[in-house]
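Architecture and fold: a report
Each chain, letter by letter, is given below.
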Amino acid sequence: MMQAPPISAPGVPNLPNVTISSIGNTPIYMLGNLPQKLMRFDLVFDAGKWAEQQRGAAYFTSKLLKEGTAYQSAEDIALWLDHQGASITIDADADHITLTAWCLARHIPGMADLLAEIAGQPSFPNEEVTLKKKVRLQTLKVDEQKVEFLATKDLMASVFGNSHPYGYRMEAADMEAITQATLVSHYKNHIHSVPSWVFLSGHVDDNTISLLKEKWAGTMGVREKTITTLHKVEPFTPGARHRVLEGAQQTAIRIGRQLVTHNHPDYYGMKVLNTILGGYFGSRLMRNIREEKGYTYGIYSVVHSYQHEGVFYISTEVGNNYAEATMKEIRFELDKLQSEPVGAEELALVRNYLLGNMLGSLDGPLKAMDVYRNLITSGRDTTGFDRYIQTVKTITPAELQLLAVRYLTFDDMAVITVGP
Amino acid sequence: MQSTPFQRTVLRNGLTVISHFDPHTSMVVVNTLYKAGARNEAPKLTGFAHLFEHLMFGGSLNAPHFDSVLQQAGGNNNAFTNNDFTNYYNSLPVDNLATALWLEADRMWQLDINERSLSVQKSVVVEEFKENYLNQPYGNAWHLLRGMAYQHHPYRWPTIGLVPQHVENASLEDVTAFYRHYYNPGNAILVIAGGIPSEEALDMANRYFSGIPEGKTPKDNWPQEPQQTSPREMEHLNQVPLNAVYRAYHMDARTSQAYYEADLLTDVLSSGPSSRLYNRLVKQRQLFTTLYAHVTANLDPGLLVVQGRLNPEVTFEAAEAALDAELELLITSPVSQMELEKVLNKVESGFAYNTVNLMNRAFSLAYFEMLGDAAGLDQEPERFLRVSASDLQQRAAEVFRKENSSTLRYLASSKYHSTE
């Protein structure tokens, strides 16, 4: 019978060289050399939930930004996009609004004009605002029937506080209170035709940058950075909270706490520790609670840093009669990481897995730009990447155990359940 | 149009091996497609093919831990099952290609099927059943819709299974028989795509797979669905906040030219923000909050389905009348030159976007080989481009007949109440 082939440790991943330019105060980053003749724009604005003066402003501004400009209706824009086989999606998250546009290379000039118009002169027509609110309200009703939605909502409120921009999820009242004026204000203060960053990737080169500078001159202007409120998180109280959803056939469990942010010396170590605990299919949580016990279809853990705060949590949906047992096993796995150093073999596997994963994530200009954009827009630079790789390669079992002791105590966490 | 060059060989045991060289990547994807899906199941043992997919990760004679070996090699992997086939894919650095081939060959030939693994995966699949279907609003809609549209053909049950009990009833004998019948080289297509020259890849495949003995796959012997001769409808009450409607029409199999016409009809109806259903019934008349049409794309004759959630205060009568009018319009009026051009542009650009991703290319080659010839992948655009406006009209007249329809009215229970 065939022997197992020898395994080569994955090579060290490297960030590709990104071309850096600028227009006004906005840096432009570019990664070219895609053989397929298409490209992607990402325009990122510091206009997320953190910057809001009113709940839901970031979300609805992002969803209405392309629903009409000074020159075109939402239908005009939709028709042009569909006809060119292009697309624009605009999303808001905790810190940013990101506009992502895809088009074939031959449509770059037209797309550049459209982006300047959308970023520079959106009109937020009243009928479009009304419609979006109505549709979003209906979606919320459906979401509120899902254990996973309610559990994540309750977790974030527990970790950051309900009045913190990272801690709230929109309620019906928030949606109803949105007006055209809300969006105009949010736009004027935080978007106003000036992205904080622009990322170009795909079939692009220096000519693309020259074209954009030409087309965007005078539109992508210079704007003073708006000072936003510094939001403080509420003091965090660990402990259990249960929400009833009648008729639920599973129980959603979220266990979490505040954590450090990107630039903290513990951050990348926690990323590695998190992988071991619940960050891949071979993790402690998956092996125990899914593969050994069959309690769930999936269990995982997350270490995430927003710009101003960090969070750690464990997430799963389990059969109702397994909820207690699952809680016990989660506690067991956390305790184990605190009391026993990770074995050499397991650590070696996780190192290889993470490095291989990163190699895959950097494969080609489109994927590599995702990694790069993540770094830059979170307030880091390429040294962040180097630190991550170094940590993956060199962190020791003793260091991991120290981190577990510091951050992974079950009783230091909020324990959220949603079930029947 | 970017082409996807490949080389093909068929081993003596019947395994089809396809290799696609991409010099721009240092990754490789190993994709194994087995022609075993839910349609191959016995009516009392539904959900079996999907359960079996889970068992394929339970370890084989020489590789007791599939996942951890692949992770050690810096790889990622997953799989999915549908009514027609099951697909397994691995992505890893090209230096470790041999590892992926060794793993796939070993589990094709000598999967370790045991009571323990079966017992755990049954439990996991039952939780998946709950998580994705039983515990989701509208989660059983496709169970009901399929059961109405198909009275004889195995497409009448969904891949997850008709009921969890079927999954729970699976025995070791059933599993072993399924493996022997469907998981043999003659019933599989292996694709190796990435940074490895084709000659070398085919050579390696030969080395790892040619030793696997030939198998014997039973002939297809399920009942074909007789032509539907009168409209079918059903009402179902459940714990959801909004009424919804699901409308299914029978259509032709994936390989027919009629399929392309039906697919384009759904594009006219709901591809992109300028599409008819969205603009007219969601935006302008606000009868629905969401509404879209798509095709199931099956090897045997499939379905064209329109589904949507009604706005509160809108009756089923009004919503369905509006929908019927839109479908009728496709029969009575040819689409304009501009609109046809638009949907064809979107299809063409869609292909360009899809070819960027290596995993997509690998899977697509396997999929089209299953349809008859991997070369069909690059011929796809042409099959769409040859469709004329009158072809669309004729297809609409054939598909959108009342006698060809099944309608599920999903009613919001009056017992529904908010969680606040």
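Residues numbered from 1 in each chain as written. Chains lettered and ligands numbered in written order. Predicted model: local features only at pLDDT ≥ 70, side-chain atom pairs only at ≥ 80, totals over all residues. Heavy atoms only, no water.

Digging into the overall build of chain B
Secondary structure summary: chain B contains 15 helices and 11 strands in total. Taking 420 residues into account, the globule formula puts the C-alpha radius of gyration at 22 Å, and chain B, at 23 Å, falls close to it. Considered along the principal axes of its C-alpha atoms, chain B spans approximately 60 × 50 × 45 Å. Sorting the 420 residues of chain B into buried and exposed places 60% on the buried side. Restricting to contacts in chain B with at least 6 residues of sequence separation, those with at least 24 account for 82%. As displayed, chain B offers around 16000 Å² of accessible surface, 49% of which is attributable to carbon and sulfur atoms. Taking the 33 positively charged and 47 negatively charged side chains of chain B as two groups, their mean positions are separated by 3 Å. (Helix = DSSP H or I, 4+ residues; strand = E, 2+ residues; numbered from the N terminus. Rg over C-alpha atoms; globule rule 2.2 N^0.38 Å. Buried < 20%, exposed > 50% of the residue type's maximum accessible area, 1.4 Å probe, protein only. Contact = heavy atoms within 4.5 Å. Areas by Shrake-Rupley, 256 points an atom, 1.4 Å probe, with all protein chains shown as cover. Lys, Arg positive; Asp, Glu negative; His and termini not counted. Charge placed at Lys NZ, Arg CZ, Asp CG, Glu CD.)

Here we look at the confidence of the model for chain B
On average, residues of chain B carry a pLDDT of 96, and 98% of them reach 70 or more. Here the predicted complex carries an ipTM of 0.95, next to a pTM of 0.96. (pLDDT = per-residue confidence, 0-100.)

Comments concerning the sheet that holds strand β4 (residues 87–92) of chain A
Residue and element names in this part refer to chain A. Ordered by their spatial adjacency, 6 strands build an open sheet running β1-β2-β6-β3-β5-β4, and the pairing between neighbours is mixed. Taken across any chain shown, the strands that pair with only one partner, and hence form the sheet edges, are β1 (19–23) and β4. Averaged over all pairs of adjacent strands, the angle between strand axes in this sheet comes to 15 degrees, irrespective of strand direction. The pairing of β1 with strand β2 (residues 26–31) spans 5 bridges and is classified as antiparallel. By the bridge assignment, isoleucine 23 is partnered in β2 with threonine 26. (Pairing = 2+ DSSP bridges. Axes fitted to C-alpha atoms, helices over the stretch in contact; angles between N-to-C directions.)

Details of the packing of helix α3 (residues 97–109) of chain B against helix α8 (residues 198–209) of chain B
Residue and element names in this part refer to chain B. Their axes nearest at 9 Å, the elements α3 and α8 cross at an angle of 35 degrees. Classified by chirality, the crossing of α8 by α3 is right-handed. Within the contact between the two elements, α3 uses Leu97, Ala98, Leu101, Trp102, Glu104, Ala105 and Met108 and α8 uses Met204, Ala205, Tyr208 and Phe209. Its residues assigned to classes, the contact of α3 with α8 shows 10 nonpolar, no polar and 1 charged. (Left-handed = near helix turned anticlockwise from the far one by under 90°. Nonpolar A, V, L, I, M, F, W, Y, C, P; charged D, E, K, R; others polar.)

A few points about the pattern of salt bridges
By the definition in use, this model includes 43 salt bridges over all chains. Across the pair aspartate 370 of chain A and arginine 373 of chain A runs a salt bridge whose closest N-O atoms are separated by 3.0 Å. In this pair, aspartate 370 of chain A and arginine 373 of chain A both sit in helix α13 (residues 365–377), 3 residues apart, roughly one turn of the helix. Using a relative accessible area of 14% as the deciding quantity, one classes arginine 373 of chain A as buried. Among the ionic pairs, arginine 39 of chain B bridges to aspartate 300 of chain B, the shortest N-O distance being 3.2 Å. Pair noted here: arginine 39 of chain B is in the loop between β3 (27–34) and α1 (48–55) and aspartate 300 of chain B is in the loop between β9 (288–295) and β10 (303–310), with a separation of 261 residues, a long-range link. According to the relative accessible area criterion, aspartate 300 of chain B is buried, its value standing at 12%. Each of Glu233, Arg247, Glu320, Asp324, Lys402 and Arg409 of chain B takes part in one network of salt bridges that share partners. (Salt bridge = Lys/Arg side-chain N within 4 Å of Asp/Glu carboxyl O.)

Things to note about the sheet that holds strand β6 (residues 188–194) of chain B
Residue and element names in this part refer to chain B. Strand order in the open sheet formed by 6 strands is β1-β2-β6-β3-β5-β4, and the pairing between neighbours is mixed. Strand pairing shows two members of the sheet lacking a second neighbour, β1 (7–10) and β4 (76–81), which therefore form its edges. Sheet twist, expressed as the average angle between the axes of neighbouring strands with direction ignored, equals 15 degrees. Pairing analysis gives 7 bridges linking β3 to β6, with the strands arranged antiparallel. Bridging from a neighbouring strand, asparagine 31 pairs with valine 191 of β6. Here α3 sits on the sheet in contact with β3, β5 (86–93) and β6, set at roughly 15 degrees to β3.

Quick notes on the interface of chain A and chain B
Interface size is often expressed as the accessible area that is lost when the parts come together. Between chain A and chain B, the residue contacts involve 73 residues of the former and 73 residues of the latter. The contact between chain A and chain B buries some 6100 Å² in all, and 54% of this surface belongs to carbon and sulfur atoms. The three residues of chain A that bury the most area against chain B are Asp82, His83 and Tyr297 of chain A, which together make up 12% of that side's buried surface. Taken together, the connections running from chain A to chain B amount to 4 salt bridges. Residue aspartate 82 of chain A is joined to lysine 346 of chain B by a salt bridge in which the shortest nitrogen-to-oxygen separation is 3.0 Å. For the interface between chain A and chain B, the tally reads 29 residue pairs in polar contact (both at pLDDT 80 or more). Counting residues per element, the ones that place at least two in the side of chain A that touches chain B are α2 (74–84), β5 (97–104), α4 (126–143), α5 (147–160), α10 (284–292), β9 (296–305), β10 (310–319) and α12 (344–361) of chain A. Looking at the side of chain A that touches chain B residue by residue, the classes come out as 35 nonpolar, 18 polar and 20 charged. (Buried area = accessible area lost by both parts, 1.4 Å probe. Polar contact = N/O pair within 3.5 Å; in protein donor to acceptor, adjacent residues only side chain to side chain.)

Describing the nonpolar core
Ile255, Ile314, Ile330 and Leu408 of chain A are the most contacted members of the largest nonpolar core, which totals 61 residues. In this view, isoleucine 314 of chain A contacts Ile253, Arg254, Ile255, Leu277, Leu285, Ile299, Tyr300, Ser301, Ile330 and Leu334 of chain A; residues no more than four positions away in its chain are not counted. Listed in part, the 55 residues of the second largest apolar core include Phe57, Leu70, Leu111 and Ile160 of chain B. (Core = buried A, V, L, I, M, F, W, Y, C linked by side-chain atoms within 4.5 Å.)

Description of the pairing of strand β11 (residues 405–412) of chain B
Residues and elements named next belong to chain B. Of all the 8 residues making up β11, 6 are buried; the element is thus mostly covered by neighbouring parts of the structure. Two elements, strand β7 (residues 232–238) and β11, share 7 bridges in a ladder whose sense is parallel. If you follow glutamate 233 over to β11, its bridge partner there is threonine 407. As defined by bridge partners, strand β8 (residues 244–250) adjoins β11 across 6 bridges and the pair is classed as antiparallel. By the bridge assignment, tyrosine 246 is partnered in β11 with leucine 408.

Overview of the environment of alanine 348 of chain A
Following the sequence through the fold, alanine 348 of chain A ends up in helix α12. With 242 residues separating them in the primary sequence, alanine 348 of chain A and arginine 106 of chain A have C-alpha atoms 47 Å apart.

Here's the deal with unusual backbone geometry
Residue phenylalanine 124 of chain A is not a glycine yet carries a positive backbone phi of 40 degrees. Positionally, phenylalanine 124 of chain A belongs in the loop between α3 (108–120) and α4. By relative accessible area, which is 1% here, phenylalanine 124 of chain A ends up buried. Although it is not a glycine, glutamate 313 of chain B sits at a positive phi angle of roughly 75 degrees. Examined against the element boundaries, glutamate 313 of chain B turns out to sit in the loop between β10 and α11 (316–332).

Focus: α3 of chain B
Residue and element names in this part refer to chain B. Here α3 contains 13 residues, and its C-alpha end-to-end distance of 19 Å stays within 8% of the 18 Å for a straight helix at 1.5 Å per residue. Across the 13 residues that make up α3, a large majority, 12, are buried. What α3 keeps buried is the set Leu97, Ala98, Thr99, Ala100, Leu101, Trp102, Leu103, Glu104, Ala105, Asp106, Arg107 and Met108. Of the surrounding elements, those touching the buried residues of α3 are β3, α2 (66–72), β5, α7 (172–182), β6 and α8. (Expected span 1.5 Å × (residues − 1).)

Brief notes about the packing of helix α9 (residues 257–270) of chain B against helix α15 (residues 389–399) of chain B
For any two helices packed against each other, one specifies the inter-axial angle together with the distance between the axes. All names here are of chain B. One can describe the packing of α9 onto α15 by two numbers: an axis separation of 9 Å at closest approach and a directional angle of 90 degrees. Here α9 lies roughly perpendicular to α15, going by the angle between them. Residues Ala258, Glu261, Ala262, Leu264 and Leu265 of α9 form the contact with α15, whose participating residues are Asp391, Leu392, Arg395 and Ala396. Residue classes in the contact of α9 with α15 are distributed as 6 nonpolar, no polar and 3 charged. (Parallel < 35°, antiparallel > 145°, perpendicular 65-115°, else oblique.)

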